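Residues per chain are reported as follows:
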Amino acid sequence: MTLTAFTLILASVILHALWHFICKSARPVPAFYMVVSASCLCTTLPFALTSGIDLTRLPSRFWLMLLGGGLSGMICDIGLSRAYRLADVSLAYPLARALPVIMTAFATLLLGIGAKPSPLELFGMLIIMSGCVLMPMKNFSDLHWKNYWNRALLGILVAAAGTTGYTVFDSEGVGLLLANEDVARWHGAAAYSSLRESVLLLTLSGYVFAVPHERARVTRELFCHPHPYFAGIGAALAYLLILIAMGFVTNVCFVQAFRQMSLPVGVLLGMFFLREKCSAAKLTGVGLIVCGLILTVL
């Protein structure tokens, strides 16, 4: 983990925590994420249009990675919206973030992508995941499988699978773009982000308008509310930094692990701005995440 990558990811997770903090109480549905996606696209599109990239010179493998990244992002949004409807955000979000830490590491090992993580780094990722799993619990006595086995679990698993998918696909996709086009890394990342967001927006819109109960949630109030627009701007800038950071690590699983810094940041925001109480279990979870991050960077 280089200092450049660490700095980029740190800035990204602060942005990520802020936009998630904005819409924390919104209990977003797929239609909400559709507006967020449109806002994301509008944020990165001006940078993409001025990048000077010739799309006709990009290999077919790039388009496959782009399609995989966009579809995975759509799957993640659908999973998160289900999890948020059926469980508290404070439970669903950390669990949806926990699983991709290890899933991404195993996916890159299985596919032979990037440098092989050392045993210490893998152990650090396990510690990070353990901290994420512990964070939603109010007391240590709540640490029981029944508190995790609920109707929201399917949405959490779907969101985790989608997160793992877009992390791997996007890492390969932006790498192929930069390998075939002589542009600045941030310009290439912005171009890829716009293309990928276009796929996500089209597929997610198709899902929303094809499913009757999801289509019913597309209301005038949704488009008039500022939350999805602010969330989209924050999400676009946060993920743009992540795409840039992917070029400064030996394996994208390190990026996935360090993105979990957003959880401690979110806890601090909740404590200072929402006056949320912090249980011993949550603080222990935060401590485990920090310890896991230190082990991973070492």
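Up top is the structure.
What you are looking at is a predicted structure, and each value in this text was computed from that prediction instead of being measured. (Residues numbered from 1 in each chain as written. Predicted model: local features only at pLDDT ≥ 70, side-chain atom pairs only at ≥ 80, totals over all residues. Heavy atoms only, no water.)

Chemist: Help me get a handle on the overall build of the protein chain, residues and values and all.
Modeler: Helices and strands together make up the secondary structure of the protein chain, namely 14 helices and 0 strands. Ordering the α and β elements of the protein chain from the N terminus gives α-α-α-α-α-α-α-α-α-α-α-α-α-α. With respect to the three principal axes, the spread of C-alpha positions in the protein chain is 60 × 50 × 35 Å. With 298 residues in all, the protein chain has 54% of them scored as buried. Partitioning the intrachain contacts of the protein chain with sequence separation of at least 6 by distance along the chain shows that 87% fall at a separation of at least 24. A total accessible area of about 13500 Å² is found for the protein chain, and carbon and sulfur atoms account for 70% of it. Charge separation in the protein chain, taken as the distance between the mean sites of 20 positive and 13 negative side-chain charges, equals 10 Å. (Helix = DSSP H or I, 4+ residues; strand = E, 2+ residues; numbered from the N terminus. Buried < 20%, exposed > 50% of the residue type's maximum accessible area, 1.4 Å probe, protein only. Contact = heavy atoms within 4.5 Å. Areas by Shrake-Rupley, 256 points an atom, 1.4 Å probe, with all protein chains shown as cover. Lys, Arg positive; Asp, Glu negative; His and termini not counted. Charge placed at Lys NZ, Arg CZ, Asp CG, Glu CD.)

Chemist: Hey, could you go over the packing of aromatic side chains for me, with residue numbers and the actual values?
Modeler: Tallying each qualifying case throughout the model produces 6 aromatic pairs. An angle of 85° between the planes, with centres 6.2 Å apart, marks the rings of Phe6 and Phe258 as edge-to-face. One end of the pair, Phe6, is in helix H1 (residues 3-22); the other, Phe258, is in helix H12 (residues 252-258), and 252 residues separate them in sequence. The buried category is assigned to Phe258, whose relative accessible area is 3%. Considering the side-chain rings of Phe62 and Tyr192, the 5.9 Å spacing of their centres and the 75° angle between planes classify their relative orientation as edge-to-face. Of this pair, Phe62 sits in helix H3 (residues 60-86) while Tyr192 sits in helix H8 (residues 185-210), and the two are 130 residues apart along the sequence. Exposure class is identical for Phe62 and Tyr192. Each is buried. Aromatic rings pair up to connect Phe62, Trp63 and Tyr192 into one cluster. The lysine or arginine in question, Arg185, covers the ring of Phe248, its NZ or CZ lying 5.2 Å from the ring centre. Over the ring of Tyr166 we find Arg196, and its NZ or CZ is 4.8 Å from the ring centre. (Phe/Tyr/Trp six-rings, centres within 6.5 Å; stacked < 30°, edge-to-face > 60°. Lys NZ or Arg CZ within 6 Å of the ring centre and 35° of its normal.)

Chemist: Any chance you could break down helix H5 (residues 119-134) for me, citing the residues and the numbers?
Modeler: In a regular helix each residue adds 1.5 Å, so 16 residues correspond to 22 Å; H5 covers 23 Å between its end C-alpha atoms and thus fits that length. Listed in full, the buried residues belonging to H5 are Glu121, Gly124, Met125, Ile127, Ile128, Met129, Gly131, Cys132 and Leu134. (Expected span 1.5 Å × (residues − 1).)

Chemist: Got a sec to walk through the pattern of salt bridges? Specific residues and values, please.
Modeler: For side chains of opposite charge, pairing can occur when their charged atoms come near one another. The full count for this structure, using the stated rule, is 6 salt bridges. Notably, a salt bridge pairs Glu181 with Arg57, separated by 3.0 Å at the nearest N-O pair. Separated by 124 residues along the polypeptide, Glu181 in the loop between helix H7 (153-180) and H8 and Arg57 in the loop between helix H2 (30-49) and H3 bring together distant segments of the chain. Between Glu214 and Arg217 there is a salt bridge whose closest N-O contact spans 3.1 Å. Residue class for Glu214 comes out buried when judged on its relative accessible area of 1%. Salt bridges here are not isolated pairs; linked through shared partners, they connect Asp54, Arg57 and Glu181. (Salt bridge = Lys/Arg side-chain N within 4 Å of Asp/Glu carboxyl O.)

That's the geometry; what it means functionally is another story.
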